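Listed here are the chains, written in short residue letters.
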Amino acid sequence: MKKSVVWKDKKWKTGMRITLDYKNMMADSIGKGYGITLNELEKMAAKAKRIDKVLKQGWKERKIGFFDLPFQGENVNNIKSFAKKVKTDYEAFVVLGIGGSALGPIALQTALNPPHYNLLTKKERNGCPRLFVADNIDPAGFEGILRVVDPEKTMFNVISKSGGTAETMSQFIIVRDMLKKRLGKNYKDHMVATTDPEKGILRKIATDEGLETFPIPANVGGRFSVFSSVGLLPAAVVGIDIEELLAGAAYMNELCMTSDLFQNPAYLNATLQFLADKKGKPMSVMMPYADSLKDIADWYRQLWAESLGKKVSLDGKIVHTGPTPIKALGATDQHSQLQLYIEGPFDKVVTLIGVKDFGAEAKIPKAYKEIGELGYLGGHTLKELILAEMLASEMALTHNHRMNCTITLPEVNAFTIGQLLQMLMIQTAFAGGLYNIDPFDQPGVEQGKQYAYGMMGRKGFEGKKKEVDEYIYIKKTGSLKGYAV
């Protein structure tokens, strides 16, 4: 069986199923008064069924679009065809995007391509271009990317659903100007837009200027867009099997179709995190024990924070609710954060992510036998050591009455990553129901954007500019003066 279709084999799929071990979230494991009781979980079962009904209705009515993304057909074929052309004609692929438009592509690249991918030879990259993601507007950082790519051999992918994202569109305008000066009317051959299929500023620009485009479904928000063209196009360009990725997401959809709280991994994990928060543990730490998964923790941080941190509930009450996501990396952060998690405040729940097969061993030679503090390492492997470190962290957390759970991937591949990301998105949507808030909006972010629009002179935001001017005046002359040294 070819690797490209191995995910169609039922036995292989079952063997690649990711698992959630939540025993150390429970009072039976970490101690009475510290964990969740079975009775507390069972009391959530009826509520889970109600939320499940709402989510499935939203999916049916096409209000919640990310559930449909694993089942794309024509778009996947179009992406693969375009990626083949990019692979042939270009040496670099630069994503212009921020938030979900950047975090998804970065997470997929880090997880599914070799470490230090851009430093490999073209042959070692299987002929694929180097990938850069311009995920911020730091002028030095952005100009740094432009200095290391040859514009004549680079494809720039601007990602903005509306085309009104100030950060991304500023980058786009800079790149467009640069390309037009270098290439004239052929500049459009070096730009591709990922945007709304029908409306928005970027859609109009792309149509008017003849840019190649790929769609972001109207019912899919940025932080839920990793399996849309947002994540799939950059992934395909750098050689990631996007069909296997979507197959993993579809498999997780299948596993999460049940309304039974104890059989649905996404619903169960959301409920455990919610109950932990209600027990005074609002800090949600994600700590993978694999470098390949570190940027998934970063992606999860946006997903969890922007979806669940809300001021107003669905019934209009002021609630100021939401857990705080924290990213960590094992074993790196055993030397920076774990001390706090084990002996600090009882305000955190830790999700460890483990991998059974790293695809590498890294054997430690036998040396320094006469030095007891080092000699014992000889004959073992780095794989053994990192797995031992992870188990040690789990045990230390548990013995100190700290809530923790473990998600395990049989190996890191497109199928297991598809499962993991889809589980976390379903988990987040379900958690919105538990908190009784809308997990798909971001009014707080929009408020900050409006102030920035006012300062930059965007038409229609003159009132916000006035507010900013008043704030600056008070800061310089009024009651806020004197709070700087």
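Summarised in this report is the structure supplied together with it. (Residues numbered from 1 in each chain as written. Predicted model: local features only at pLDDT ≥ 70, side-chain atom pairs only at ≥ 80, totals over all residues. Heavy atoms only, no water.)

## Things to note about empty space enclosed by the protein
Applied cut-off: Think of a 1 Å grid over the protein atoms and nothing else: a 1.4 Å probe that fits but is trapped marks a cavity, an open set flanked by protein within 12 Å on at least five of seven lines marks a pocket, and residues with an atom within 4 Å of a point count as lining. Grid points are joined across faces, edges and corners, and a volume is the space filled by probe spheres set on the points. In this classification, the charged set is Asp, Glu, Lys and Arg, the nonpolar set is Ala, Val, Leu, Ile, Met, Phe, Trp, Tyr, Cys and Pro, and all remaining amino acids, among them Gly, are polar.
Tallying each qualifying case throughout the model produces 2 cavities of 30 Å³ or more. Roughly 40 Å³ of volume is contained in the largest cavity. Around the largest cavity, the lining residues are Asp52, Leu55, Lys56, Trp59, Phe67, Cys256, Met257, Tyr267 and Ile426. Of the residues belonging to the lining of the largest cavity, the class tally is 7 nonpolar, no polar and 2 charged. Taken together, Tyr341, Pro345, Phe346, Asp347, Lys348, Val350, Leu397 and Arg402 form the lining of the second largest cavity. Considering only residue class, the lining of the second largest cavity consists of 5 nonpolar, no polar and 3 charged.

## Observations concerning the side chain of Lys281
Applied cut-off: Put simply, DSSP marks the helices as runs of H or I at least four residues long and the strands as runs of E at least two long, and each gets a number from the N terminus on. Only protein chains enter the area calculation, which uses a 1.4 Å probe; residues under 20% of their type maximum are buried, those over 50% are exposed, and those in between are partly exposed. Residues scored as charged are limited to Lys and Arg (positive) and Asp and Glu (negative), so that His and the chain ends carry no count. Every case where a carboxyl oxygen of Asp or Glu lies within 4 Å of a side-chain nitrogen of Lys or Arg is listed as a salt bridge. Residue contacts are counted whenever heavy atoms from the two residues lie within 4.5 Å of one another.
The residue Lys281 is located in the loop between helix 12 (265–278) and strand 7 (283–288) in this model. Asp347 provides the closest opposite charge to the buried, salt-bridge-free Lys281, at an N-O distance of 8.3 Å. Discounting residues that sit within four places of it in the chain, Lys281 has contacts with Tyr34, Ala276, Phe346, Asp347, Lys348, Val349 and Met403.

## Focus on the packing of aromatic side chains
What counts here: Ring geometry is summarised as follows: Phe, Tyr and Trp rings, the Trp one being its six-membered ring, pair when their centres sit within 6.5 Å, and such pairs are stacked at plane angles under 30 degrees, edge-to-face over 60 and tilted between the two. Both a distance and an angle decide whether a charge sits over a ring: NZ of Lys or CZ of Arg must be within 6 Å of the ring centre and within 35 degrees of the ring normal.
A full pass over the atoms with the stated rule returns 12 aromatic pairs. Plain terms: the ring middles of Phe224 and Phe440 are 5.1 Å apart, the flat faces sit at 50° to each other, and that makes the pair tilted. Residue Phe224 is found in the loop between strand 6 (212–215) and helix 10 (229–237), and its partner Phe440 is found in the loop between helix 17 (414–435) and helix 18 (443–456); the two are separated by 216 residues along the sequence. The exposure class assigned to Phe440 is partly exposed, which follows from its relative accessible area of 33%. Joined through ring pairs, the aromatic side chains of Trp59, Phe66, Phe67, Phe224 and Phe440 make up one cluster. Above the ring of Tyr117, the side-chain terminus of Arg125 is found at 6.0 Å from the ring centroid.

## Some remarks on helix 12
Rules: Helices are assigned an expected span. That span is 1.5 Å times one less than the residue count. The term polar contact refers here to a pair of N or O atoms within 3.5 Å; inside protein, the definition further demands a hydrogen-donor-capable atom paired with an acceptor-capable atom, and it admits residues adjacent in sequence only when both atoms are side-chain atoms.
End to end, helix 12 covers 20 Å across 14 residues, agreeing with the expected 20 Å (1.5 Å per residue, within 8%). Within helix 12, 13 of the 14 residues are buried, leaving the element largely enclosed by the surrounding structure. With a side-chain oxygen positioned 3.2 Å from the backbone nitrogen of Ala266, the residue opening helix 12 is Asn264. Directly after helix 12, the chain includes Gly280, whose backbone phi takes a positive value near 90°.

## Observations concerning the state of the cysteines
Each disulfide consists of a covalent bond between the sulfur atoms of two cysteine residues. Convention followed: To count as a disulfide, a pair of cysteine sulfur atoms needs to be within 2.5 Å.
Applying the stated criterion to the full structure yields 0 disulfides. No disulfide involves Cys405; its sulfur sits 15 Å from the nearest other cysteine sulfur, which is in Cys256.

## Examining the sheet that holds strand 11 (residues 348–357)
Applied cut-off: The rule for pairing is simple: two strands pair if DSSP sees at least two bridges between them. Axis lines are fitted to C-alpha atoms, over the contacting stretch for helices. Their N-to-C directions set the angle, which ranges from 0 to 180 degrees.
In spatial order, the strands read 1-12-11-7-10; together these 5 strands make up an open sheet with mixed pairing. The two strands at the open ends of the sheet, each matched to only one other strand, are strand 1 (19–21) and strand 10 (324–327). Here the strands of the sheet are splayed against their neighbours by 20° on average, with no regard to which way each runs. Note: strand 11 against strand 12 (residues 404–411), 7 bridges, orientation parallel. Along strand 12, the bridge assignment pairs Val355 with Leu409. Of the strands in this sheet, strand 7 and strand 12 are in contact with helix 17, which crosses strand 12 at around 150°.

## Re the nonpolar core
Spelled out, the test is: The nonpolar core is taken to be a set of buried Ala, Val, Leu, Ile, Met, Phe, Trp, Tyr and Cys residues, with the residues joined through side-chain atoms within 4.5 Å.
Phe66, Phe93, Leu108, Phe227, Trp299 and Ile417 are the most contacted members of the largest nonpolar core, which has 105 residues in total. Leu96, Phe142, Tyr187 and Met191 belong to the second-largest nonpolar core, a separate cluster that totals 23 residues.

## Description of the layout of surface pockets
Space inside the largest pocket adds up to approximately 1100 Å³. Taken together, 35 residues line the largest pocket, and the ones lying closest to its centre are Thr110, Asn113, Pro115, Asp291 and Ser292. Put simply, the parts of the chain that give the lining of the largest pocket at least two residues each are helix 6 (100–112), strand 3 (130–134), helix 13 (294–308), strand 11 and helix 16 (382–399). If you tally residues by element for the lining of the largest pocket, the top one is helix 6, at 5 residues.

## Some words on the pairing of strand 9 (residues 318–321)
Sheet topology note: the strand 8 (residues 310–312)/strand 9 ladder contains 2 bridges and is antiparallel. Within the sheet, the bridge partner assigned to Lys310 lies in strand 9 and is Thr321.

## Some details on the pattern of salt bridges
In this structure the tally under the stated criterion is 22 salt bridges. Asp21 is the partner of Lys23 in a salt bridge, and the nearest nitrogen-oxygen pair spans 2.6 Å. We note a salt bridge from Lys23 to Glu394, for which the minimum N-O separation is 3.8 Å. In this pair, Lys23 is assigned in the loop between strand 1 and helix 2 (27–30) and Glu394 in helix 16, connecting sequence segments 371 residues apart. Here Glu394 falls in the buried class, since its relative accessible area comes to 15%. Connected through salt bridges with shared partners, the residues Asp21, Lys23 and Glu394 form a single ionic network.

## Quick look at the sheet that holds strand 2 (residues 92–96)
Taking strand neighbours across the sheet as the criterion, the 5 strands line up as 3-2-4-5-6 in an open arrangement whose pairing is parallel. Each of the sheet's edge strands pairs with one partner strand only, and the pair in question is strand 3 and strand 6. Direction aside, neighbouring strands of the sheet carry axes that sit 20° apart on average. Taken strand by strand, helix 9 (residues 201–209) contacts strand 4 (154–159), strand 5 (191–195) and strand 6, and its axis lies near 145° from that of strand 5.

## Quick word on the packing of helix 5 (residues 74–89) against helix 11 (residues 242–255)
In plain terms, the rule: Geometric relationships in this document are graded by angle, where less than 35 degrees denotes roughly parallel, more than 145 denotes roughly antiparallel, 65 to 115 denotes roughly perpendicular, and other angles denote oblique.
Where helix 5 meets helix 11, the axes come as close as 11 Å, and the angle between the chain directions of the two elements is 150°. Taken together, the axes of helix 5 and helix 11 are roughly antiparallel relative to one another. Of the residues in helix 11, those touching helix 5 at Val76, Ile79 and Lys80 are Ile242, Glu243 and Leu246. Looking at side-chain class alone, the contact of helix 5 with helix 11 contains 4 nonpolar, no polar and 2 charged residues.

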